[in-house]
Amino acid sequence: MSLRSHVIAILEGSTVARIRFRFPIAGSNVTIAPQTFHRVSRAIRAGAVHVAVPTDLAAGVAAQYNDVARTRADGTAVAANTLEVRSTVGRLDGSFVVHESLHCAYDLLRTGIDGNAEEASAYVCSALYCRMTGLPKPRWAGPGIYAQAELVARTLLAQYQRGDVAIPTVGLAEWAALRLSVALHPAYPASAPGGFSGMLLGAQYTHDG
């Protein structure tokens with residue numbers, strides 16, 4: 001099975017089919033559901049989104065979504081709307097695919113959302129995927145962002161188990177702590193959408209479809 005086929009299989013698989021939640025943004029709510037990821041898989045099948053193996057991502061970066069075209073260190077180009085994925089072998093790899101695919105979905109759907117909330121919601125999706133597939137916490141939920149995302153996922157999973165609402169809302173305290181954790185992480189400089197620029201000023205990533 002090709003890398004492209006593996007990515008599609010993750011996005012259309014039984015674990016992603018269980019991911020569903022809402023979170024507050026700008027006086028409204030954004031809803032994440034299986035259809036969010038199915039939108040990406042359809043775009044991959046149609047050739048509107050590309051899947052490629054990265055050659056120059058920084059150490060420790062397992063996957064990346066390119067909303068705009070970029071030039072590699074060797075001068076070659078990576079087209080816009082490209083998911084760069086190192087591997088889809090394990091459950092942790094699958095969580096990275098889910099994370100980056102949410103960025104892709106926001107781009108395709110032209111969702112109006114600040115970059116900090118975008119990153120936070122992608123980490124929640126990763127955490128849900130890891131929890132639902134039974135990946136031991138020491139392998140993914142270390143200190144920092146993932147620890148906070150795991151707390152958000154935990155409150156959502158409790159609501160799933162109760163079954164009192166079809167699409168639960170994140171715990172507001174846990175969500176706020178996760179957003180702050182993302183903004184404080186060195187991967188998201190204050191001037192970048194994922195950092196305080198997004199959290200406080202509403203800066204967004206490119207969402208042009």
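A quick note: this is a predicted structure, and the numbers were derived from the prediction, not measured.

Parameters and conventions
Residues numbered from 1 in each chain as written. Predicted model: local features only at pLDDT ≥ 70, side-chain atom pairs only at ≥ 80, totals over all residues. Heavy atoms only, no water. Phe/Tyr/Trp six-rings, centres within 6.5 Å; stacked < 30°, edge-to-face > 60°. Lys NZ or Arg CZ within 6 Å of the ring centre and 35° of its normal. Salt bridge = Lys/Arg side-chain N within 4 Å of Asp/Glu carboxyl O. Helix = DSSP H or I, 4+ residues; strand = E, 2+ residues; numbered from the N terminus. 1 Å grid on protein atoms, 1.4 Å probe; cavity = no way out; pocket = protein on both sides within 12 Å on 5 of 7 lines; lining within 4 Å. Points joined across faces, edges and corners; volume = space filled by probe spheres on them. Polar contact = N/O pair within 3.5 Å; in protein donor to acceptor, adjacent residues only side chain to side chain. Contact = heavy atoms within 4.5 Å. Expected span 1.5 Å × (residues − 1). Buried < 20%, exposed > 50% of the residue type's maximum accessible area, 1.4 Å probe, protein only. Core = buried A, V, L, I, M, F, W, Y, C linked by side-chain atoms within 4.5 Å. Axes fitted to C-alpha atoms, helices over the stretch in contact; angles between N-to-C directions. Left-handed = near helix turned anticlockwise from the far one by under 90°.

J.: What is the right way to look at the packing of aromatic side chains in this model?
T.: Working definition: an aromatic ring pair is given by the centre-to-centre distance plus the angle between the planes. For the coordinates displayed, the defined rule picks out 4 aromatic pairs. Ring geometry for Phe 21 against Phe 23: centres 6.2 Å apart, planes inclined by 35°, an arrangement best described as tilted. Through a chain of ring-to-ring contacts, the aromatic side chains of Phe 21, Phe 23 and Trp 175 assemble into a single cluster. One residue, Arg 20, lies across the ring of Tyr 160, its end atom 4.1 Å from the ring centre.

J.: It is not clear to me how the pattern of salt bridges should be interpreted in this structure. Could you clarify?
T.: Pairing is possible between side chains that carry opposite charge, provided their charged atoms lie close to one another. What the rule picks out here adds up to 8 salt bridges. For Arg 45, the salt bridge identified is with Glu 12, shortest N-O distance 2.9 Å. Of this pair, Arg 45 sits in helix H2 (residues 34-46) while Glu 12 sits in the loop between helix H1 (3-11) and strand S1 (21-25); the two residues are 33 residues apart in sequence, bridging distant segments of the chain. One connected set of salt bridges, linked through shared partners, spans Arg 131, Lys 137, Glu 150 and Arg 154.

J.: Explain the layout of surface pockets here, please?
T.: Rolling a probe over the atoms, with the probe sized like a water molecule, indicates the empty space that remains. As a volume, the largest pocket reaches approximately 740 Å³. Lining the largest pocket are 27 residues, and of these Ala 63, His 99, Glu 100, Tyr 123 and Tyr 188 lie nearest its centre. Those elements giving two or more residues to the lining of the largest pocket turn out to be strand S4 (63-66), helix H3 (91-109), helix H4 (115-132) and helix H5 (145-162). Top contributing element to the lining of the largest pocket by residue count: H3, with 5 residues.

J.: So what exactly am I meant to see when it comes to the side chain of Asp 114 here?
T.: Mapped onto the secondary structure, Asp 114 falls in the loop between H3 and H4. Polar contacts involving the side chain of Asp 114 include one to the main-chain amide nitrogen of Asn 116, which spans 3.0 Å. For Asp 114, the side chain forms a polar contact with the side chain of Arg 179, separated by 2.8 Å. Residues within four places of Asp 114 in sequence aside, it is in contact with Ile 25, Arg 179, Gly 198, Met 199, Gly 202, Ala 203 and Gln 204.

J.: Would you mind showing me how to read H3 here?
T.: Within an α-helix, residues lying three or four positions from one another point in the same direction, as the helix has 3.6 residues per turn. Between its first and last C-alpha atoms H3 spans 27 Å; for 19 residues at 1.5 Å apiece the expected length is 27 Å, and the two agree. For H3, the buried fraction is high: 15 of the 19 residues fall into the buried class.

J.: When you look at the nonpolar core in this model, what are you seeing that I'm missing?
T.: The nonpolar side chains of a soluble globular protein tend to be buried with one another. Counting 54 residues, the largest nonpolar core has Ile 19, Phe 21, Phe 23, Ile 32, Phe 37, Leu 128 and Leu 178 as its most contacted members. Excluding its chain neighbours within four sequence positions, the residues that come into contact with Leu 178 are Ala 120, Val 124, Ile 145, Gln 148, Ala 149 and Val 152.

J.: Whenever I open this one, unusual backbone geometry confuses me. Can you help?
T.: Negative phi values dominate among residues other than glycine, just as trans dominates among peptide bonds. Despite not being glycine, Asn 81 shows a phi value in the positive range, around 60°. Along the chain, the position of Asn 81 falls in the loop between strand S6 (77-78) and strand S7 (82-85). Take Asn 81: its relative accessible area is 9%, and that puts it in the buried class. For Arg 110, which is not glycine, the phi dihedral falls at a positive 55°. On the secondary structure map, Arg 110 appears in the loop between H3 and H4. Judged by relative accessible area, which is 58%, Arg 110 ranks as exposed.

J.: Where do I start with the packing of H3 against H4 in this structure?
T.: Two measures define how a pair of helices packs: the angle their axes make with one another and the distance between the axes. Two elements in contact, H3 and H4, have axes separated by 8 Å at closest approach and are oriented at 145°. For the element pair H3 and H4, the recorded crossing hand is right-handed. In this structure, H3 contributes Arg 91, Leu 92, Gly 94, Ser 95, Val 98, His 99, Leu 102, His 103 and Tyr 106 to the contact, and H4 contributes Glu 118, Glu 119, Ser 121, Ala 122, Tyr 123, Cys 125, Ser 126, Tyr 129 and Cys 130.

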